[in-house]
Amino acid sequence: MKFNDAVFGIFLIVFAIAEIIYTRTFPALHGQRFGASDFPVLIGVGLIICGCLLVVSGYKQRTASSPIEEAISKESNLLTIAGWREKPRSVINFFVVILSILFYIFFVDTLGFVITAFSILLVLFLRLQNGVVASFIAALFMTGVSKLLFGVWLLVPLPIGPLGF
Amino acid sequence: MDAFIGGLSLIFDPYVLMVMVGAAAFGLVVGSIPGLTATMATALLIPVTFFMDPVPAIAAIVTTVATAIFAGDIPGALLRIPGTPASAAYCDEAFAMTRKGKAQLALGVGLTTSIIGGLIGAVVLMMATSALAEFAFKFSSYEYFWLACLGLSSAVVVSSGSTLKGFVSLLIGLFIATIGIDLISGHPRFTFGSTEMLSGVSFIPAMIGMFAISEVLRFVAAKNNSRPKVPVQSLTNLFKGVGGVLFKYKFNVFRGSSIGAVTGVLPGAGADIAAWVSYGVSKRTSKEKEKYGTGHVEGLVDAGSANNAGLAGAWVPALVFGIPGDSVTAIAIGVLYMKGMNPGPMIFQENPQLLNAVFIAFFVANLLLLPLGYLAIRLSSQLLKIPSRMLMPAILIFCLVGSFAITNSVFGVVIMLAMGVLAYIMEENGFPIAPTILGIVLGAMLEEMFLSSMIKADGELLAFFSRPISATLGVLTILIWLIPLIKMLRKKVAKPQLQ
């Protein structure tokens, strides 16, 4: 997933302006000219300068003149996802990983660690083209190992589900 | 001397030694599997070190990285895929040796030069830190401010790819560091009412996200992850011929180690850059330049010793000034802060045993490399058969539990996910990650030094140049800032001439 530099540049400029405006709500130190907003403002100014330079660099990539530059410019569309279109399985896997983490965030407290981790592992092993039996055994094994290592050995209070583990 | 003996007793504790052997095995496995880096190994290790005392925690990090960097040579020589970026510089050379039937010699030389380089690096670390610590006591907030600027700026300039993108990466890291309660005014910043955000972006989940989750995402998004087959070659008599090579290229071993140690000291320039620089110097100064690339062992001797020496070098600024030399030492500094042990010159007075323990850990880790590295090479054909499609889900679950363990809530997992996606998008678009890490680690220190200097000087910017050391560091920093501008001007001048 490649973006043109100008897209990053514009995003950084907008982000930095919003950040600087927000820092105006920070108080100054008592009796001083300095305060909590100074450093974030400096960062924001830096981001605006870098953002402007990225916009210029992105614009240059798109207005190519020589054949070599043209070849580069083809790679410099605002968003390049061409590589992704050729491999739908990989794209699905990418989002399955993100969704698995979100599933953990939203359901681990309700379902408990063991059920959540086992479900995530089983889905991922299967999505990555491992055999059904191998995926089941590997998911069970890894759930057990992580529960033992963190839950039992390191005493991390991993959430307990409706089944009591 | 008492401190040294104290350090020895800390490291030669059975529990610490057991942790080091476990960490070495972990580092060797992770390093030898292509796609899993030494930094990723460290990021995966820190949730476990979180529950340890400072000495075993630091010893585990030192051992994991030293062994992982060497193990990166194994798939480099056998499959032409560097196990870690630090082996990339001489991967082609080592593979060319394998094609000539000399895999045994390539790996034997790789192992011995890694150990020698690592030991020389440890000696440099010991000597340089003690000398610099005396000097560091004279530093005030102005010097620390410039030193942090110098470290961050050189991290940007030496990072791979565009300097502009390196600066953006650094500013992102510095911004992330401002999230949470401001230490000087006590005012919450960018927390948007969240109580969990008050303590800032939790460091360990952030590192796990940036180094491990981004790697998992990259793996699943890649079209082809298959590996070539391991060539069948005898690896039983690993040290046959190594003695002769080392004797012939003894100067190269010392040169590679010295270049590695010095490069490692530069913030942002870690083991991988040390190996590239050393391989380049070796090729340029060799009497047999034409043999490079055809399976010539000379470059391997230089670069193999440089990358392991670079690891110790990176700890010099980390221990003396609290300024990390690379991503791994950035993580180590984060671990030290979490243990309430702030790196800097005071650590030499307050905790000399710990400091000596770090030095000794480097020696022990490199000595452990001899038997364990030998074993890893012997088992390499089995290790390289472990498919990544079985490893990645396991890594993901360790990341989830590791991040959860730090905050004991899913908030750590939220940070891990956000930082993982951020790192993935950044790397896909050519933004280096190392400056962001350094920004996150050094942000608080930089701001504190900047504000306290401004308050002392009553806003007078010239005060930043009022002391001799701060003026020198300031001028050096400004010169580094000017490098990209000079490069740009030179390009502009060169362009019309070409036309």
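Reading the values: rules and limits
- Residues numbered from 1 in each chain as written.
- Chains lettered and ligands numbered in written order.
- Predicted model: local features only at pLDDT ≥ 70, side-chain atom pairs only at ≥ 80, totals over all residues.
- Heavy atoms only, no water.
- Helix = DSSP H or I, 4+ residues; strand = E, 2+ residues; numbered from the N terminus.
- Buried < 20%, exposed > 50% of the residue type's maximum accessible area, 1.4 Å probe, protein only.
- Contact = heavy atoms within 4.5 Å.
- Areas by Shrake-Rupley, 256 points an atom, 1.4 Å probe, with all protein chains shown as cover.
- Expected span 1.5 Å × (residues − 1).
- Core = buried A, V, L, I, M, F, W, Y, C linked by side-chain atoms within 4.5 Å.
- Domains from an automatic or database assignment.
- UniProt positions renumbered as here; feature names shortened; annotations may be inferred.
- Buried area = accessible area lost by both parts, 1.4 Å probe.
- Salt bridge = Lys/Arg side-chain N within 4 Å of Asp/Glu carboxyl O.
- Axes fitted to C-alpha atoms, helices over the stretch in contact; angles between N-to-C directions.
- Parallel < 35°, antiparallel > 145°, perpendicular 65-115°, else oblique.
- Left-handed = near helix turned anticlockwise from the far one by under 90°.
- Nonpolar A, V, L, I, M, F, W, Y, C, P; charged D, E, K, R; others polar.
- Phe/Tyr/Trp six-rings, centres within 6.5 Å; stacked < 30°, edge-to-face > 60°.

**With respect to the overall build of chain A**
Check the secondary structure of chain A and you find 7 helices and 2 strands. Going from the N terminus to the C terminus, chain A shows its helices and strands as β-α-α-α-β-α-α-α-α. Residue burial in chain A is summarised as follows: out of 165 residues, 42% are buried. Taking the intrachain contacts of chain A between residues at least 6 apart in sequence as the baseline, contacts between residues at least 24 apart amount to 58%. Counting every atom, chain A has about 9100 Å² of accessible surface; 74% of that belongs to carbon and sulfur.

**Considerations on helix α6 (residues 113-127) of chain A**
Here α6 of chain A contains 15 residues, and its C-alpha end-to-end distance of 21 Å stays within 8% of the 21 Å for a straight helix at 1.5 Å per residue. Buried residues of α6 of chain A: F113, V114, T116, A117, F118, I120, L121, L124 and F125 of chain A, and no others. Buried residues along α6 of chain A sit against α5 (88-111) and α7 (132-153) of chain A together with α20 (388-407) of chain B. Just beyond α6 of chain A, the residue with positive phi is Q129 of chain A, at close to 65 degrees.

**Details of the nonpolar core**
It is characteristic of soluble globular proteins that their nonpolar side chains tend to be buried jointly. Grouped together as the largest cluster of nonpolar side chains are 214 residues, with contacts concentrated most on I101 of chain A together with I11, M20, M207, W315, F362 and L400 of chain B. No other element matches the 15 residues that helix α18 (residues 352-378) of chain B contributes to this core. Per-domain counts for this core show at least three residues from each of domain 1 (2-80) and domain 2 (88-153) of chain A. In this view, W315 of chain B contacts I58, V62, L125, T329, A332, V358 and F362 of chain B; residues no more than four positions away in its chain are not counted.

**Focus: the UniProt feature "transmembrane region" (unreviewed entry) in chain A**
Residues and elements named next belong to chain A. In this structure's numbering, the residues bearing the UniProt feature "transmembrane region" (unreviewed entry) are residues 6-27, 39-59, 92-125 and 132-156. Secondary structure content for residues 92-125 is 97% helix and 0% strand, while the C-alpha to C-alpha distance between its ends is 14 Å. Between the C-alpha atoms that bound residues 132-156 there is a distance of 31 Å. The span itself is 88% helix and 0% strand.

**Quick notes on the interface of chain B and chain A**
Facing the 61 residues of chain B at the interface are 65 residues of chain A. A buried area of about 5600 Å², summed over both sides, lies between chain B and chain A, and 82% of it is on carbon and sulfur atoms. Run the count over chain B and chain A and you get 1 salt bridge. As a salt-bridge pair, K165 of chain B and D5 of chain A come within 3.0 Å of each other at their nearest N and O atoms.

**Some thoughts on the packing of helix α2 (residues 14-32) of chain B against α18 of chain B**
All names here are of chain B. Remark: α2 packs on α18, axes separated minimally by 10 Å, with the N-to-C direction vectors making an angle of 50 degrees. Classified by the interaxial angle, the pair formed by α2 and α18 is oblique. Relative to α18, the crossing made by α2 is right-handed. In this structure, α2 uses L17, M20, V21, A24 and L28 to contact α18, whose residues at the interface are A361, V364, A365, L368, L369, L372, G373 and A376. Residue composition of the contact of α2 with α18, grouped by class: 12 nonpolar, 1 polar and no charged.

**Section: the packing of helix α1 (residues 5-23) of chain A against helix α2 (residues 38-62) of chain A**
All names here are of chain A. Contact geometry for α1 and α2: axes closest at 7 Å, N-to-C directions at 160 degrees. Classified by the interaxial angle, the pair formed by α1 and α2 is roughly antiparallel. Read as a crossing pair, α1 and α2 show a hand that is left-handed.

**Description of the packing of aromatic side chains**
For any pair of aromatic rings, the description consists of the separation of the ring centres together with the inter-plane angle of the planes. All names here are of chain A. Counted under the stated rule, the structure contains 30 aromatic pairs over all chains. Judged by centre distance (5.7 Å) and plane angle (85 degrees), the rings of F3 and F8 are edge-to-face. Residue classification places F8 among the buried positions, given a relative accessible area of 14%. Seen from their ring centres, F118 and F136 are 5.5 Å apart, and the 85 degrees between their planes marks the pair as edge-to-face. Taken together, the residues F118 in helix α6 and F136 in helix α7 connect sequence positions 18 residues apart.

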